[in-house]
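Working through the structure, step by step
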Amino acid sequence: MFSSSALLAVNPLDAGSLLASFGALGIAVVMFAETGLLVGFFLPGDSLLFTAGLLCTTSAHSGPHLNLGQVLAAAVVGALAGAQVGYLIGKRGGRALLARSRNKHLQNGAVRAEEILTRYGHAKAVVLARFVPVVRTVLNPLAGALGVDVRTFTLWQVVGGLVWTVGLVLAGYALGSSIPNVDHYLLPIVALVVVVSLLPLLLELLRSRRGARAR
């Protein structure tokens, strides 16, 4: 059980705070919310997975020590279940939910998600969306709303979800295993992960602006 003081102290935007407060369970919840619920677009999915991998190593002495097997299981289950729930939400009224939302990030994410679906096709778009913040939140319900075949969506969201979650966790674990006292450099490393994770989003914005100017 978590105390009320711990719940109040946790910072949902800080991967370290989430992991210290909730451990592997927090990973599953964040993955589910970010990929399945439209309210989870602000959550730190990439940095959370990478940081969790770092904290599974013996070279990390500060903060919680996590079990690699539990982290991988929580990340995979949360991400795959979240995407599937997001798809079902979209199938039952995702367009209406997005239309009622006044959040500019969600609206912009919906536009980019639809562009990705059109440009790359359903299978490739579902995989690529996993690596783009906000888009990975919006594309799943949008795929349901647009009538993407459930078998196609399920197959490729599983592929994308496994590559995204397992890849980032193991990347953090590999780095943490090769650098002594890696937790001393945790903040700059996480900041770098956040910047890298935002690059696809920035590239999409630049492409959209260039396309608008060309038209």
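Helix and strand content of the chain: ten helices and zero strands. Ordering the α and β elements of the chain from the N terminus gives α-α-α-α-α-α-α-α-α-α. Across the 215 residues in the chain, those meeting the buried criterion constitute 45%. Taking as baseline every contact in the chain between residues at least 6 positions apart, the subset at least 24 positions apart corresponds to 76%. As presented, the chain carries roughly 10,800 Å² of accessible surface, and 66% of it is formed by carbon and sulfur atoms.

Let's shift gears to helix α4 (residues 68-91). Its 24 residues place the ends of α4 35 Å apart at the C-alpha level, agreeing with the 34 Å of an ideal helix rising 1.5 Å per residue. Between a side-chain oxygen at the N-terminus of α4 and the backbone nitrogen of Gly69 the separation is 3.0 Å; the capping residue is Asn67.

Moving on: empty space enclosed by the protein. One pass over the structure, following the stated rule, counts one cavity of 30 Å³ or more. By volume, the largest cavity is sized at about 30 Å³. Secondary-structure elements contributing two or more residues to the lining of the largest cavity are α7 (122-129) and α8 (135-145). When its residues are assigned to classes, the lining of the largest cavity shows two nonpolar, one polar and two charged.

About the criteria used
Residues numbered from 1 in each chain as written. Predicted model: local features only at pLDDT ≥ 70, side-chain atom pairs only at ≥ 80, totals over all residues. Heavy atoms only, no water. Helix = DSSP H or I, 4+ residues; strand = E, 2+ residues; numbered from the N terminus. Buried < 20%, exposed > 50% of the residue type's maximum accessible area, 1.4 Å probe, protein only. Contact = heavy atoms within 4.5 Å. Areas by Shrake-Rupley, 256 points an atom, 1.4 Å probe, with all protein chains shown as cover. Expected span 1.5 Å × (residues − 1). Polar contact = N/O pair within 3.5 Å; in protein donor to acceptor, adjacent residues only side chain to side chain. 1 Å grid on protein atoms, 1.4 Å probe; cavity = no way out; pocket = protein on both sides within 12 Å on 5 of 7 lines; lining within 4 Å. Points joined across faces, edges and corners; volume = space filled by probe spheres on them. Nonpolar A, V, L, I, M, F, W, Y, C, P; charged D, E, K, R; others polar.

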